[in-house]
Amino acid sequence: MKHEATRRAVVKGGLAAVGLGALGIPEWALPALAQGEEAVPFTDVPDDYGSAPDAPFRLLDIRTIDGPYTPRDSFYTVQHFDQPEIDPDTFRLDVTGLVERPQQLTLDDLRGMGATEIDAGYECSGNSPAIIQGLASNGRWTGVPLRTLLDLAGVTPAAREAVFFGADSGPETVDFRGRPYEVEQPFARSLPLADGLDSGPLLAYALNGEPLTRQQGSPLRLVVPGWYGVTNVKWLTRIHLQANRFLGKWQARWYRTLWAEEINGETVWHETEVSHLRVKSVIARVTRTGDRHEVLGFVLHDGTPLRSVEVKVDDGDWQPATLDPATRGTYSWKLFRYTWTGATAGEHTLVSRATDVNGVVQPTADELSIKQTGLENNAQYPRTVRIA
């Protein structure tokens, strides 16, 4: 059975658009439990949740999180077009545009520039409760800092943006004043040089100490710590420096957020592009040992330090959770734990919220209703469990 679902289908409507039941997916195995510990199943997860092995997208079953790094072969991935297969021996990366010294570099050239490692977690901007927050992962990336490459090429003073082109491409319709133009376009995104370099973008060729897989963008991809996944262009083949804003479809017309603001009693609408991660926590797993329950979850953020992570059971008060010291790094996701005691039989609702040091609190779904698009959904995510 061949599955033709793409990033577009996932972003538009989650796996409801793809058809979970049609995939024939078995129940995912939960991580190994300690002696005497047992998993408490969520009642908000369908039995066939997951993604088929041969599907062109992959969800992470967040119930399987058992450490800071997502295994390379479990790391979530989606894309708009195909998954090109590029021979690492013949691969070339072009650096063009407003540079003093245009470059064409092999993979060995890049590896010879010295390896940098960074822990970075991120999610697809279309991640949501509809797909059980499965478009998120965290890993240790190895590669060359983008700044190193730009210094080698010599960026001219006129350059304002770096545009990153992938090898994946497909036919697209560009509308100009009501007239459609059919063109072949590669997937591409840009970063403004003014702030795009702050988080240390990396040209990555390895994940968790192993070469990238084809699904993960082999042999080279962009990783922009603290930004949504769409920014992290896979199968990277060209970097172009230019003075004007890049207006490709996936930058200017697709990944947009529409939100409202009340000004002087009137509703004013704003349209902004998807960029930095919005602070978000998710409860991933609940286990039981005797009458004690352990709640595990993760936080994604743009690198702004966290002030607190809290958990609430039913209509109770917010209680502090503990950040797991095993998750380090400015841009890594942060695992948290909360010990729930005195649970009574029946169904319960658990929810978490994260707050950063600037006082930005993860919103509720009602507070996020000012948004009219499904992207950048960082609302609190209530989970339901049944205690026997």
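Refer to the structure above for everything that follows.
Attention in this report is confined to the structure presented alongside it. (Residues numbered from 1 in each chain as written. Predicted model: local features only at pLDDT ≥ 70, side-chain atom pairs only at ≥ 80, totals over all residues. Heavy atoms only, no water.)

**Observations concerning empty space enclosed by the protein**
At step 1: The final tally for this structure, using the stated rule, is two cavities of 30 Å³ or more.
At step 2: Within this model, the largest cavity holds a volume of roughly 80 Å³.
At step 3: The wall of the largest cavity is formed by 12 residues, among which Tyr-76, Tyr-122, Arg-221, Gly-229 and Lys-234 lie closest to the centre.
At step 4: In terms of residue class, the lining of the largest cavity is built from five nonpolar, four polar and three charged. (1 Å grid on protein atoms, 1.4 Å probe; cavity = no way out; pocket = protein on both sides within 12 Å on 5 of 7 lines; lining within 4 Å. Points joined across faces, edges and corners; volume = space filled by probe spheres on them. Nonpolar A, V, L, I, M, F, W, Y, C, P; charged D, E, K, R; others polar.)

**Overview of the nonpolar core**
At step 1: Formed by 92 residues in total, the largest nonpolar core has its most connected members in Leu-93, Leu-110, Trp-141, Phe-164, Leu-203, Ile-239 and Phe-298.
At step 2: Looking at this core, the element that brings in the most residues is strand β8 (residues 202-207), giving six residues.
At step 3: In this structure, Leu-110 is in contact with Phe-91, Leu-93, Leu-105, Val-144, Leu-149 and Leu-220, ignoring residues within four places of it in sequence. (Core = buried A, V, L, I, M, F, W, Y, C linked by side-chain atoms within 4.5 Å. Buried < 20%, exposed > 50% of the residue type's maximum accessible area, 1.4 Å probe, protein only. Helix = DSSP H or I, 4+ residues; strand = E, 2+ residues; numbered from the N terminus. Contact = heavy atoms within 4.5 Å.)

**Quick notes on the layout of surface pockets**
At step 1: Reported here for the largest pocket is a volume of approximately 370 Å³.
At step 2: Along the walls of the largest pocket sit 20 residues, with Leu-277, Arg-278, Val-279, Val-360 and Asn-378 positioned nearest its centre.
At step 3: Residue composition of the lining of the largest pocket, by class: eight nonpolar, six polar and six charged.

**Details of a nonpolar patch on the surface**
At step 1: Residues Phe-176, Tyr-181 and Val-183 make up a contiguous nonpolar surface patch of about 260 Å² in total accessible area.
At step 2: Here Phe-176 is to be found in strand β6 (residues 161-176). (Patch = residues over 30% accessible without salt bridge, like charges linked within 9 Å, V, L, I, M, F, W, Y side chains within 5 Å. Areas by Shrake-Rupley, 256 points an atom, 1.4 Å probe, with all protein chains shown as cover. Salt bridge = Lys/Arg side-chain N within 4 Å of Asp/Glu carboxyl O.)

**Structural notes on the sheet that holds strand β14 (residues 280-289)**
At step 1: Here we have five strands laid out as an open sheet, ordered β1-β14-β15-β19-β18, and antiparallel in their pairing. Looking at which strands have only one partner, the edges of the open sheet turn out to be β1 (38-39) and β18 (322-323).
At step 2: Of the pairings in the sheet, the one linking β1 to β14 comprises two bridges and is antiparallel in character. Across the sheet, Glu-38 pairs through a bridge with Arg-288, a residue of β14. (Pairing = 2+ DSSP bridges.)

**Here we look at the packing of aromatic side chains**
At step 1: Applying the stated criterion across every chain, the model contains 10 aromatic pairs.
At step 2: Note on Phe-75 and Tyr-122: the rings are 5.9 Å apart at their centroids and 55° apart in plane angle, and the pair reads as tilted. Taken as a pair, Phe-75 in the loop between β1 and β2 (93-97) and Tyr-122 in strand β4 (residues 116-123) lie far apart in primary sequence, 47 residues in all. Comparing Phe-75 with Tyr-122, the two get one shared label, buried.
At step 3: Aromatic ring contacts, followed pair by pair, group Phe-75, Tyr-76, Tyr-122 and Trp-141 into a single cluster.
At step 4: Positioned over the ring face of Tyr-205 is Arg-111, at 5.5 Å from the centre of the ring. (Phe/Tyr/Trp six-rings, centres within 6.5 Å; stacked < 30°, edge-to-face > 60°. Lys NZ or Arg CZ within 6 Å of the ring centre and 35° of its normal.)

**A few points about the sheet that holds strand β11 (residues 236-242)**
At step 1: Pairing is mixed across the open sheet formed by five strands, whose spatial order is β3-β2-β11-β6-β7. Bordering the open sheet on either side are β3 (103-105) and β7 (179-192), each of which pairs with just one other strand. Here the strands of the sheet are splayed against their neighbours by 35° on average, with no regard to which way each runs.
At step 2: Judged from the four bridges that link them, β2 and β11 form a sheet pairing that is parallel. Bridge assignment links Asp-94 to a residue of β11, and that residue is Arg-238. (Axes fitted to C-alpha atoms, helices over the stretch in contact; angles between N-to-C directions.)

**Considerations on unusual backbone geometry**
At step 1: A cis amide bond links Ser-218 to the next residue, Pro-219, at an omega of 5°.
At step 2: Considering the arrangement of structural elements, one finds Pro-219 in the loop between β9 (210-211) and β10 (221-223).
At step 3: Backbone geometry at Ile-132 places phi at a positive 55°, although glycine is not the residue there.
At step 4: Within the secondary structure, Ile-132 is located in the loop between β4 and β5 (136-145).
At step 5: For Ile-132, a relative accessible area of 6% translates into the label buried.
At step 6: Backbone geometry places Glu-376, a non-glycine residue, at a positive phi of 55°.

**Quick notes on the pattern of salt bridges**
At step 1: Tallied over the full model, the rule gives 20 salt bridges.
At step 2: A salt bridge links Glu-100 to Arg-101; the shortest N-O distance between them is 3.3 Å.
At step 3: For Glu-100, a relative accessible area of 52% translates into the label exposed.
At step 4: Glu-172 is the salt-bridge partner of Lys-249, the closest N and O atoms lying 2.7 Å from each other. Remark: Glu-172 occurs in strand β6 and Lys-249 occurs in helix α6 (residues 249-253); sequence separation between them is 77 residues.
At step 5: Accessibility expressed as a relative area gives 13% for Lys-249, which makes it buried.
At step 6: According to the relative accessible area criterion, Glu-172 is buried, its value standing at 5%.
At step 7: A network of salt bridges, in which partner residues are shared, links Arg-72, Asp-73 and Glu-210.

**Here's the deal with helix α4 (residues 146-153)**
At step 1: For α4, the set of buried residues is Leu-146, Leu-149, Leu-150 and Ala-153. Down the axis, α4 shows its buried residues gathered within 100° of arc, on one side only.
At step 2: Directly after α4, the chain includes Gly-154, whose backbone phi takes a positive value near 75°. (Arc of directions from axis to C-beta.)

**Here's the deal with the environment of Ala-260**
At step 1: Tracing the backbone through its elements, the reader meets Ala-260 in strand β12 (residues 256-263).
At step 2: C-alpha separation for the pair Ala-260 and Lys-371, spaced 111 residues apart in sequence, amounts to 6.5 Å.
At step 3: In contact with Ala-260, not counting residues within four places along its chain, are Thr-267, Val-268, Trp-269 and Ile-370.

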